[in-house]
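In case you want the letters, here they are:
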Amino acid sequence: MKKHNILITLLILGLLGTQSLAIAQKSKKTPVSAADARLATLKKEVVQKIDNNAKMAQVMVDKVFSFAELGFQETETSKYLTDILKKNGFTIEYGISGVPTAWWAKWGNGSPVIALGSDLDCIPKASQKPGVAYHDPIVDGAPGHGEGHNAGNPLNIISALAVKEIMEREKIPGTLILWPGVAEELVGTKAYFTRDGYFDKVDMCIFTHVSNNLGVSYGQAWGTGLVSVEYEFEGEAAHAAGAPWRGRSALDAVELMSVGWQYQREHLDPLQRSHHVIKNGGDQPNVVPSKASIWFYFRHVDYPRIMELYEKGNRIADGAAMMTGTTVKRKVLGSAWPRHFNKVIAEKMYDNIKQVGLPEWSEEDQMLARAIQKEVKAPNDTIGLAVKLDTLGLPIKNPVSGGSDDIGDISWKLPTVTLGFPSNIPGLPGHHWANAVAMATPIAHKGVVAGAKAEAMTLLDFFLNPKLVADAKEYFRTEQGMKQKYTPMVSETDKPAIYLNTEIMEEFRPRLQKFYYDETKYGSYLEQLGIKYPTVRVTSSGGTNGGKK
Ligand SMILES: [Zn+2]
């Protein structure tokens, strides 16, 4: 208490928070400068505030989990989260870049301007009861949070609210922005946000994504960027038996494009990833399909090679059209740059991560983890939840192929990191019902609280020390800007594909509504669903699937 009073006195006298003082004191080898001491005190306070808000985090995580909305259709989620932000003093711009479920929530004044982002959407057919270690959907066939996108925005909100309270009281200048990764599973929006200038006046961005450890990395990350494109062929309908010679089949073109790409595949380098689905294969067999479409993701580890792959796709589409006498139009549905994260932010954040550490898992948490790992035949080195903190992620030496996230676009627009937080279980397949099992249980809740602490402490670092923001920008300029020019893969005229997933949500929303979490009646979503935590298979020997292996 006494120390606190001295600090306040020093503050009033204007003796704290200046760069020169901190540097002068460092050069005299004073162990802790006054500015550092103030920062340390405020960090302790912010951690306490987040612990006090753990209940709020649990409610938000469970609530968004229960909405289970697919990309571009996150209407309940968007309304619920923006209402919370609005109630807490944020000014909201709704529907940014023409995306109805997106927002730009702003609080504060002046610089630095720090943006916090996280994804919102879920995975088709991944509906799953939380806390149950085998496939048991809440609504059969419905979407579910099999990627854990229900947790990141709640994390950003509790960290932002705690930091905001301190900034208000201490009169710390700076602006906080909260924005959502709408339709991340379709890499559907972030390139539009950068194209439309939303990040032009933002100094840095902290993105959060569920993981099975608390961690952060810098430099080029593993994985790919991609362009998502639908090829729409158009031919001529005809009676498929009466006058097939009068028809030109758009479905033939789709099939030839699919086959053409599979032949091309042999001659592509192994770092590429490409996959497709047929979106429209015609209506019924006795009508020659006049319209058909095929949807590709073309992925590679760097921008030039993504564009090369895309050009090859276009060539094969043109060839398929020529062979069938149809025409082809292409429509970009999404895009993502490969990710490159900021060293200055990552190193600062990692210092905080070490102070926060991993959550303390209960025996129930571990039992659930081991049981689901056994259920999905997880690799042998994944046993239970993480108990050892990851090291700071370093730039990859040789590119490693894999998934993508359109945070890549933001990371090439301004200094950015992704904070991974430990709300999920290691060794699961990804984009799968199993990845939803932990996402409305104490595992997710504790992981969010730990992540929020690391994020809030990092926010204080950067709001209180503008020099760090300048350093982050310098890294961005020299390591990224000078080496590779960023151009969004979406053109000036492309529009977000906001119609996607409309029909699926129309089908499932009424059935999911009955299961929306009611926090006024139930302490947790597990309680509302009447799930014993954890629920694991009983094996024939009478033991449980969660036994140690
Ligand atoms: Zn994700």
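Residues numbered from 1 in each chain as written. Predicted model: local features only at pLDDT ≥ 70, side-chain atom pairs only at ≥ 80, totals over all residues.

**Considerations on the overall build of the chain**
Then, in step 1: In terms of helices and strands, the chain carries 16 helices and 12 strands.
Then, in step 2: Taken over C-alpha atoms, the radius of gyration comes to 25 Å for the chain, in line with the 24 Å a tight globule of 549 residues would show.
Then, in step 3: In terms of principal-axis extent, the alpha carbons of the chain reach across some 95 × 60 × 45 Å.
Then, in step 4: Every one of the 549 residues in the chain was classed for burial, and the buried ones make up 52%.
Then, in step 5: Across the chain, contacts joining residues at least 24 apart in sequence account for 82% of those joining residues at least 6 apart. (Helix = DSSP H or I, 4+ residues; strand = E, 2+ residues; numbered from the N terminus. Rg over C-alpha atoms; globule rule 2.2 N^0.38 Å. Buried ≥ 20, exposed ≤ 12 C-beta atoms within 10 Å, placed from the backbone. Contact = placed C-beta atoms within 7 Å.)

**Points about the nonpolar core**
Then, in step 1: Counting 159 residues, the largest nonpolar core has Leu178, Ala253, Met257, Val417 and Leu460 as its most contacted members.
Then, in step 2: Take this core: its biggest share by element is 14 residues, from helix α13 (residues 442-464).
Then, in step 3: Both domain 1 (32-223 + 338-503) and domain 2 (225-336) contribute no fewer than three residues apiece to this core. (Core = buried A, V, L, I, M, F, W, Y, C linked by C-beta atoms within 7 Å. Domains from an automatic or database assignment.)

**Brief notes about the sheet that holds strand β8 (residues 273-280)**
Then, in step 1: One open sheet holds the 4 strands; their spatial order is β8-β9-β7-β10, and the pairing between them is antiparallel. Here the strands that pair on one side only, and so sit at the sheet edges, are β8 and β10 (327-336). Across the sheet, the mean angle separating the axes of adjacent strands is 20 degrees when strand polarity is ignored.
Then, in step 2: As defined by bridge partners, strand β7 (residues 225-234) adjoins β10 across 9 bridges and the pair is classed as antiparallel. Along β10, the bridge assignment pairs Val229 with Val332.
Then, in step 3: Strand contacts of helix α8 (residues 250-265): β7, β8, β9 (291-300) and β10, with the helix running at about 20 degrees to β9, the strand carrying the most contacts. (Pairing = 2+ DSSP bridges. Axes fitted to C-alpha atoms, helices over the stretch in contact; angles between N-to-C directions.)

**Section: the environment of Trp222**
Then, in step 1: With respect to the helices and strands, the residue Trp222 is situated in the loop between β6 (219-220) and β7.
Then, in step 2: The class for Trp222 is partly exposed, based on 16 C-beta atoms found within 10 Å.
Then, in step 3: On a C-alpha basis, the gap between Trp222 and Arg339 in space is 7.9 Å, while along the polypeptide they are 117 residues apart.
Then, in step 4: Once you skip the residues sitting within four places of it in the chain, Trp222 turns out to touch Ile396, Val400 and Gly402.

**Some thoughts on the domain arrangement of the chain**
Then, in step 1: Assigned domains of the chain: these are domain 1 (32-223 + 338-503) and domain 2 (225-336).
Then, in step 2: Spacing between the C-alpha centres of domain 1 and domain 2 amounts to 34 Å.
Then, in step 3: Each partner contributes to the interface: domain 1 provides 17 residues, whereas domain 2 provides 15 residues.
Then, in step 4: For the side of domain 1 that touches domain 2, the residue count by class is 8 nonpolar, 5 polar and 4 charged. (Nonpolar A, V, L, I, M, F, W, Y, C, P; charged D, E, K, R; others polar.)

**Details of unusual backbone geometry**
What is expected of a backbone is that most residues other than glycine have negative phi and most peptide bonds are trans.
Then, in step 1: Cis rather than trans, the peptide bond between Ser111 and Pro112 has omega equal to 0 degrees.
Then, in step 2: When you line up the elements, Pro112 lands in the loop between β2 (103-109) and β3 (113-119).
Then, in step 3: In this structure, Pro534 follows Tyr533 across a cis peptide bond, with omega equal to -10 degrees.
Then, in step 4: Position of Pro534 among the secondary structure elements: in the segment after α16 (525-529).
Then, in step 5: Of note, the phi angle at His431 is positive, near 50 degrees, even though the residue is not glycine.

**Focus: the pairing of strand β5 (residues 204-211)**
Within a regular beta strand, the side chains point alternately toward one face of the sheet and then the other, so they alternate between its two faces.
Then, in step 1: Most of β5 is tucked away: 8 of the 8 residues are buried.
Then, in step 2: Of the two faces of β5, the one holding Met204, Ile206, Thr208 and Val210 and the one holding Cys205, Phe207, His209 and Ser211 are both buried throughout.
Then, in step 3: Alignment of β3 against β5, held across 5 bridges, turns out to be parallel. Looking across to β5, one finds that Ser118 is bridged to Thr208.
Then, in step 4: Pairing analysis gives 7 bridges linking β5 to strand β12 (residues 416-422), with the strands arranged parallel. Along β12, the bridge assignment pairs Val210 with Phe421.

**Here we look at the sheet that holds β12**
Then, in step 1: If you walk across this open sheet you meet the 6 strands as β1-β2-β4-β3-β5-β12, and the pairing is mixed. Since the sheet does not close on itself, it has two edges, and those belong to β1 (91-94) and β12, each with one partner. Ignoring strand direction, the axes of neighbouring strands in this sheet form an average angle of 20 degrees.
Then, in step 2: Along the sheet, helix α5 (residues 75-87) makes contact with β1, β2 and β4 (174-181), crossing β2 at roughly 10 degrees.

**Quick word on the packing of helix α10 (residues 343-356) against α13**
Then, in step 1: Two numbers describe how α10 lies on α13: the axes approach to 9 Å, and their chain directions differ by 135 degrees. By the angle between their axes, α10 is oblique relative to α13. Relative to α13, the crossing made by α10 is right-handed. Residues Lys348, Met349, Asn352, Ile353 and Val356 of α10 lie in contact with α13, whose contacting residues are Ala450, Lys453, Ala454, Met457, Thr458 and Asp461.
Then, in step 2: Looking at the contact of α10 with α13, its residues break down into 6 nonpolar, 2 polar and 3 charged. (Parallel < 35°, antiparallel > 145°, perpendicular 65-115°, else oblique. Left-handed = near helix turned anticlockwise from the far one by under 90°.)

**Considerations on helix α4 (residues 54-67)**
Then, in step 1: Taking 1.5 Å of rise per residue, 14 residues should cover 20 Å, and α4 covers 20 Å from first to last C-alpha, within 8% of that figure.
Then, in step 2: A large share of α4 lies buried, amounting to 11 of its 14 residues.
Then, in step 3: Among the residues making up α4, those that are buried are Ala57, Gln58, Val59, Met60, Val61, Asp62, Lys63, Val64, Phe65, Ser66 and Phe67.
Then, in step 4: Here the buried face of α4 lies against α5, α6 (152-170), α13 and α16. (Expected span 1.5 Å × (residues − 1).)

**Focus: the environment of Val536**
Then, in step 1: Relative to the helices and strands, Val536 is located in the segment after α16.
Then, in step 2: Considered as a pair, Val536 and Asp518 are 18 residues apart in the sequence and their alpha carbons are 25 Å apart.

**Looking at the environment of His432**
Then, in step 1: Mapping His432 onto the fold places it in the loop between β12 and α13.
Then, in step 2: On a C-alpha basis, the gap between His432 and Gly281 in space is 26 Å, while along the polypeptide they are 151 residues apart.
Then, in step 3: Discounting residues that sit within four places of it in the chain, His432 has contacts with Ala126 and Gly146.

**Focus: the packing of α4 against α6**
Between two packed helices, the angle of one axis relative to the other and the distance separating the axes together describe the packing.
Then, in step 1: Viewed as axis vectors pointing N to C, α4 and α6 meet at an angle of 155 degrees, and their least axial separation amounts to 9 Å. On the basis of their axis angle, the class for α4 and α6 is roughly antiparallel. Remark: the crossing between α4 and α6 carries right-handed chirality. Only Pro154, Ile157 and Ile158 of α6 make contact with α4, whose side of the interface consists of Met56, Ala57, Met60, Val61 and Val64.

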